[in-house]
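One letter stands for each residue in the lines below.
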Amino acid sequence: MACSPVCEWNGRAAGPLPARHLTRHRGELGTMENTYGTMNSPGGAGAKEAVSLPAILLMVLSAITVLLGLINVLQAFGGADPAVEEALNNPDLPEGARQLLAGMTTTGGKLMLALPTLLLNGLVFFGALKMKNLQNYGLAMTAAIISVIPCCGPCACLGIPVGIWALVVLNKPEVKAAFT
């Protein structure tokens, strides 16, 4: 005997609802409990699921960028690159470009390029970690905004779509309410 599903939603009887809104469903096969909660349920189980994937992707991308930045810092203390030496000896290179290239290839120049990347992506990683745990909404928003800025965020432009996704998720009212 086929029967139409009887659903309870927020303690009230309701007609057929999408599965994501059900707390209990009685039908032909018995009763099925939804243990995941909803976006508005206490504890923010739905909000935690919503921020989880963008936060993990931001953490992975920023960790890769931090590792590459650390390699750049280590290379700053290494010897001169033969390709740079060859470019500096090129007589066709304008004097302004020669001075800029010479300044950027010194240890100080290499560190000046690597340290902002390390700091910004360390902040993105920490903010994404807080986002995943639904802590510190401001830091989570900061991480998402930094990741959208080209050449500042994780893995250059790969962080832009993930950052946009994180911003969209973080601006949902139920996600904002779930942060502690």
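Residues numbered from 1 in each chain as written. Predicted model: local features only at pLDDT ≥ 70, side-chain atom pairs only at ≥ 80, totals over all residues. Heavy atoms only, no water.

*Asks:* Before we move on, could you go through unusual backbone geometry and cite the residues and values that matter?
*Replies:* Although it is not a glycine, N136 adopts a positive phi angle of roughly 55°. The residue N136 is located in the loop between α4 (107–132) and α5 (137–148) in this model. Positive phi, normally seen in glycine, also occurs at C151, with a value near 70°. Topologically, C151 is positioned in the loop between α5 and α6 (159–170). For C151, a relative accessible area of 63% puts it in the exposed group. (Helix = DSSP H or I, 4+ residues; strand = E, 2+ residues; numbered from the N terminus. Buried < 20%, exposed > 50% of the residue type's maximum accessible area, 1.4 Å probe, protein only.)

*Asks:* Summarise the side chain of R98; cite the residues concerned and give the values.
*Replies:* Topologically, R98 is positioned in helix α3 (residues 95–104). One polar contact links the side chain of R98 to the main-chain carbonyl oxygen of L88, over a distance of 2.3 Å. (Polar contact = N/O pair within 3.5 Å; in protein donor to acceptor, adjacent residues only side chain to side chain.)

*Asks:* Quick rundown of the packing of helix α1 (residues 45–76) against α4? Include the residues and the values.
*Replies:* At a minimum axis distance of 8 Å, the contact between α1 and α4 shows a crossing angle of 160°. Classified by the angle between their axes, α1 and α4 sit roughly antiparallel to one another. Where α1 crosses over α4, the two elements pack in a sense that is left-handed. Of the residues that constitute the contact of α1 with α4, the class distribution is 18 nonpolar, ten polar and three charged. (Axes fitted to C-alpha atoms, helices over the stretch in contact; angles between N-to-C directions. Parallel < 35°, antiparallel > 145°, perpendicular 65-115°, else oblique. Left-handed = near helix turned anticlockwise from the far one by under 90°. Nonpolar A, V, L, I, M, F, W, Y, C, P; charged D, E, K, R; others polar.)

*Asks:* Account for α1, naming residues and giving values.
*Replies:* In this model α1 runs 46 Å from its N-terminal to its C-terminal C-alpha over 32 residues, within 8% of the 46 Å that 1.5 Å per residue would give. S52 marks the point of greatest bend in α1, at about 35°, and the proline P54 comes within the next four residues. (Expected span 1.5 Å × (residues − 1). Bend = angle between axes of the 7 residues up to and from the residue.)

*Asks:* Just give me the short version of the packing of α5 against α6, but keep the residues and values in it.
*Replies:* If you want to describe how two helices pack, look at the angle between their axes and the distance between the axes. Remark: α5 packs on α6, axes separated minimally by 7 Å, with the N-to-C direction vectors making an angle of 150°. Our classification of the angle between α5 and α6 gives roughly antiparallel. Classified by chirality, the crossing of α6 by α5 is left-handed. Contact with α5, carried on its side by Y137, A140, M141, A144, I145, S147 and V148, involves G159, I160, G163, I164, A166, L167 and L170 of α6 and no other residues of that element. Split into classes, the residues belonging to the contact of α5 with α6 amount to eleven nonpolar, three polar and no charged. (Contact = heavy atoms within 4.5 Å.)

*Asks:* Hey, could you go over the packing of aromatic side chains for me, with residue numbers and the actual values?
*Replies:* Here the structure, examined in full by the defined rule, presents one aromatic pair. Consider the rings of Y137 and F179, whose centres lie 5.2 Å apart with planes at 80°: the pair is edge-to-face. Linking Y137 in helix α5 with F179 in the segment after α7 (173–178), this pair joins segments that are 42 residues apart in sequence. Y137 sits in the partly exposed class, given a relative accessible area of 23%. (Phe/Tyr/Trp six-rings, centres within 6.5 Å; stacked < 30°, edge-to-face > 60°.)

*Asks:* I'd like a description of the UniProt feature "transmembrane region" (unreviewed entry) in the protein, backed by residues and values.
*Replies:* Mapped onto this numbering, the UniProt entry annotates "transmembrane region" (unreviewed entry) at residues 55–77, 111–129 and 141–168. Taken end to end, residues 55–77 has its terminal C-alpha atoms 33 Å apart, with 96% of it in helix and 0% in strand. (UniProt positions renumbered as here; feature names shortened; annotations may be inferred.)

*Asks:* Before we move on, could you go through the nonpolar core and cite the residues and values that matter?
*Replies:* Of all hydrophobic cores here, the largest spans 25 residues; its most connected members are V51, L58, M131, L134, L170, V175 and F179. Element by element, the count of residues in this core is highest for α1, at seven residues. Counting five residues, the second largest nonpolar core, distinct from the first, contains V73, A76, L111 and A114. (Core = buried A, V, L, I, M, F, W, Y, C linked by side-chain atoms within 4.5 Å.)

*Asks:* Give me the lowdown on the state of the cysteines, citing residues and values where you can.
*Replies:* What is meant by a disulfide is a covalent connection between two cysteines, made through their sulfur atoms. Using the criterion set out here, one finds zero disulfides in the structure. Residue C157 stays outside any disulfide, its sulfur separated by 5.7 Å from that of C151, the closest cysteine. (Disulfide = S-S within 2.5 Å.)

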